[in-house]
Each structure stands twice: as C-alpha cells, then as structure tokens.
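Examining the three-dimensional arrangement
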Amino acid sequence: MSTHGFRAFESTSRLGAREQTDEERYGIPENFLEIEVKNPQTHGFGRKMYTDYEIVVRTNIPAFKLKQSSVRRRYSDFEWFRDVLERESSRVNIPPLPGKVFTNRFTDDVIEQRREGLERFLQVVAGHPLLQTGSKVLAPFVQDPNFSRDQYHY
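We now turn to the structure provided with this report. (Residues numbered from 1 in each chain as written. Predicted model: local features only at pLDDT ≥ 70, side-chain atom pairs only at ≥ 80, totals over all residues. Heavy atoms only, no water.)

Glancing now at the layout of surface pockets. The volume enclosed by the largest pocket comes to roughly 240 Å³. As for the largest pocket, its lining consists of 15 residues, of which Tyr50, Thr51, Tyr75, Arg105 and Arg114 are closest to the centre. Broken down by class, the residue content of the lining of the largest pocket amounts to 9 nonpolar, 2 polar and 4 charged. Taken as a whole, the second largest pocket spans an internal volume of roughly 180 Å³. As for the second largest pocket, its lining consists of 13 residues, of which Ala63, Lys65, Ala139, Pro140 and Gln143 are closest to the centre. (1 Å grid on protein atoms, 1.4 Å probe; cavity = no way out; pocket = protein on both sides within 12 Å on 5 of 7 lines; lining within 4 Å. Points joined across faces, edges and corners; volume = space filled by probe spheres on them. Nonpolar A, V, L, I, M, F, W, Y, C, P; charged D, E, K, R; others polar.)

In structure tokens:
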C-alpha cells in the first residue's frame, strides 16, 4: 500500500469545509425547546386539596404556536394528557408519569419529586418529533391557558 494513496485521501478530506460563523456558533439553535415545570401551588382544604404546577415553554419549533408561554396544570390533567397521547400515537412509547402518592402528598419533598418527574415527562414527550407533528393535544396542553379536556373527545 503506498503512502501516496493516503495523501490523496488526506488532500480531499477537507473539501467543502469552512469555518463556522459567530451566528452559527453562538446564535439560537435552529430548533430549540425548553420546558420547565415549576412554582407548585397547593389549593383547597381537606379532601378537596390539590397542587398545580406552572409549565413554562420557550421554543422556536413551528409545531408550537407560541414562542413563550406559561400555563398551570394539575396532576390529574397530566394523567388525562398521557392517556390521550397513548391513544393518539401507537408508534411512540409514552414514558410513565411519576407515581401517584396517597400519603403525605402535600409535603414539600413529595411535591418537589413530583415536579421533577412531571418536568422530565414533558421534556421527553414534547421533544419527540412524531408527537410534535402528530398530536392534537401536545401544544395546547403545554401552551393554551384556556385548555379544556372537553375540547378533545377521545
């Protein structure tokens, strides 16, 4: 084997290569999606108590109508949402929600663990290309403050 053949490959391997511009290096990525679940608030008294969570979305992905949004959802909304996603998209494995808690569910630790789990769930689901383009409920669930389960008949 001659070293000449190697040099020929070496000389063509950089064809078409160019330096990145500062915009490409440091600008906003072509498609970005940031989802946070934060600011849990507990409402009600006794058996009527529940906690809801703020969902904050920042994105430039066209499947989402708003570049920035903030809505509040409770755990039961997430359960409904996950159920609908499973029925809508048989080709996508929908991750589980954090488990249901039956005792001490309003302690700070339990609420924080649930918040982290809900955030991970939404990041995986909302980041999935098939769900971004194929789900009728994904964008409204994470962005529409007037979202209602009654609008979707599944």
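Membership of the largest hydrophobic core comes to 31 residues, with the highest contact counts inside it found for Ile55, Phe81 and Leu122. If you list the elements that add at least two residues to this core, you get strand E1 (33-43), strand E2 (50-59), helix H3 (75-88), helix H4 (108-126) and helix H6 (138-143). The contacts of phenylalanine 81, once residues within four sequence positions are left out, are Phe121, Leu122, Val125, Val137, Leu138 and Phe141. (Core = buried A, V, L, I, M, F, W, Y, C linked by side-chain atoms within 4.5 Å. Buried < 20%, exposed > 50% of the residue type's maximum accessible area, 1.4 Å probe, protein only. Helix = DSSP H or I, 4+ residues; strand = E, 2+ residues; numbered from the N terminus. Contact = heavy atoms within 4.5 Å.)

So, on to the sheet that holds E1. Read from one edge to the other, the open sheet built from 3 strands follows the order E1-E2-E3, with strand pairing classed as antiparallel. On the outer flanks of this sheet lie E1 and strand E3 (68-74), each paired with one strand and no other. Looking at each pair of strands side by side, their axes are set apart by 20° on average, direction ignored. Note that E2 and E3 share 7 bridges and pair antiparallel. Looking at the pairing, aspartate 52 lines up with arginine 74 of E3. Sheet contacts for H3: E2 and E3; angle to E3, the most-contacted strand, approximately 100°. Sheet strands in contact with H4 are E1 and E2, and its direction is about 150° off that of E1. (Pairing = 2+ DSSP bridges. Axes fitted to C-alpha atoms, helices over the stretch in contact; angles between N-to-C directions.)

Time to look at the environment of glutamate 36. Secondary-structure assignment places glutamate 36 in strand E1. It is 8.1 Å that separates the C-alpha atoms of glutamate 36 and glutamine 123, two residues lying 87 residues apart in sequence. Within polar-contact distance, the side chain of glutamate 36 engages the side chain of arginine 58 at 3.0 Å. (Polar contact = N/O pair within 3.5 Å; in protein donor to acceptor, adjacent residues only side chain to side chain.)

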